[in-house]
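This is what each chain is made of:
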Amino acid sequence: MNGILDVDFFDDNEFISTMEVLPDDRILIAGYGFTDGDSDFFAARFLADGAVDLSFGTNGLARFDIDEKQQTLGAMGIDPNGDLILVGWQLETVETDALIVKFTADGQLDPNFDSDGFLLINYGINDQLQGIYVEDDGGFWAVGQSLETTHFDVLVTKYLASGQPDASLDGDGVLRL
């Protein structure tokens, strides 16, 4: 073996946006991959020796796809339970909406997160989440940008672990700077 693991999860290309080495030395990667022109969020887990962890998701892959749209991953956070929170954006016809997806620690879409495992949010014209900070209680902050007619605003959002906006931030969980 030459130290290079060649795993092809998608028909076309995969792009890795982030990775994390877990306390048990398993490796978690996340990004987006293309199949037939659309792209999907994904996370994959590997054992410490580089083998695909088949106990995660479906054959080592947790994949999120809705509406055959193009999704781009900005960042990944891991909550205290080991659940994954992926933030980024989805292309809607001519604009982008912010996208947050939560997978359980074993790679399944979390039905307890906003009842369906994801949030698709329109804060403005073009919305992109590119960073995440997860708190000890599972709540999280997601940051990015949002186009407001002629200029981009910095976007700071705060959510409860359930996926509901945390009103302790500016009354509605959203702050534009």
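The shown structure was predicted, so the numbers you read here are calculated from the model rather than taken from an experiment.

Caption draft 1: Focus on the packing of aromatic side chains. Under the counting rule described, the total for this entry stands at six aromatic pairs. Pairing F15 with Y32 gives two aromatic rings, centres 5.3 Å apart and planes at 25°, and the pair type is stacked. A residue pair is termed long-range when its members are at least 10 positions apart, and F15 in strand β1 (residues 14-21) and Y32 in strand β2 (residues 27-35) qualify at 17 residues. Between F15 and F34, the ring centres sit 6.0 Å apart and the planes meet at 85°, which makes this aromatic pair edge-to-face. Of this pair, F15 sits in strand β1 while F34 sits in strand β2, and the two are 19 residues apart along the sequence. According to the relative accessible area criterion, F34 is partly exposed, its value standing at 21%.

Caption draft 2: Highlighting the sheet that holds strand β4 (residues 61-64). Spatially, the four strands line up as an open sheet ordered β1-β2-β3-β4, and their pairing is antiparallel. Of all strands in the sheet, those bounded by a partner on one side alone are β1 and β4. Between one strand axis and the next, the sheet turns by 20° as a mean value, whatever way the strands run. Examined bridge by bridge, β1 and β2 share seven bridges and lie antiparallel to one another. Along β2, the bridge assignment pairs E20 with L28.

Caption draft 3: Region of interest: the nonpolar core. Counting residues in each nonpolar core, the largest one holds 18 residues, and the members touching the most others are F41, F64, L84, L86, V101 and F103. The set of elements that each furnish at least two residues to this core consists of β2, β3 (38-46), β4, β5 (71-78), β6 (84-92) and β7 (95-103). Ignoring sequence-local partners within four residues, the contact set of F103 consists of A62, R63, F64, D83, L84, L86, Q108, L109 and D110. A75, I85, L119 and I132 belong to the second-largest nonpolar core, a separate cluster that totals 17 residues.

Each value, and the rule that gives it
- Here the residue index of a chain counts from 1 through its sequence in written order.
- This being a predicted model, a pLDDT of at least 70 is required before a residue's local features are given, and a value of 80 or more before pairs of side-chain atoms are given or counted; all residues contribute to the totals for chains, interfaces and linings.
- Where side-chain values are given, they derive from all heavy atoms of the structure, hydrogens and water being excluded.
- Stacked, tilted and edge-to-face pairs are distinguished by plane angle, under 30 degrees for stacked and over 60 for edge-to-face with tilted covering the rest, among Phe, Tyr and Trp rings (Trp via its six-membered ring) whose centres lie within 6.5 Å.
- The numbering of helices and of strands both runs from the N terminus, where a helix is a DSSP run of H or I of at least 4 residues and a strand a run of E of at least 2.
- Burial here depends on accessible area, computed with a 1.4 Å probe over protein chains only, as a share of the maximum for the residue type. Under 20% is buried, over 50% is exposed, and the range in between is partly exposed.
- A pair of strands counts as paired when DSSP detects no fewer than two bridges linking them.
- For every element, the axis is a line fit to its C-alpha atoms; helices are fit only across the contacting stretch, and the angle between N-to-C directions ranges from 0 to 180 degrees.
- Remark: nonpolar core denotes a set of buried residues (Ala, Val, Leu, Ile, Met, Phe, Trp, Tyr, Cys) joined through side-chain atoms within 4.5 Å.
- In what follows, residue pairs with any heavy atoms lying within 4.5 Å of each other are defined as contacts.

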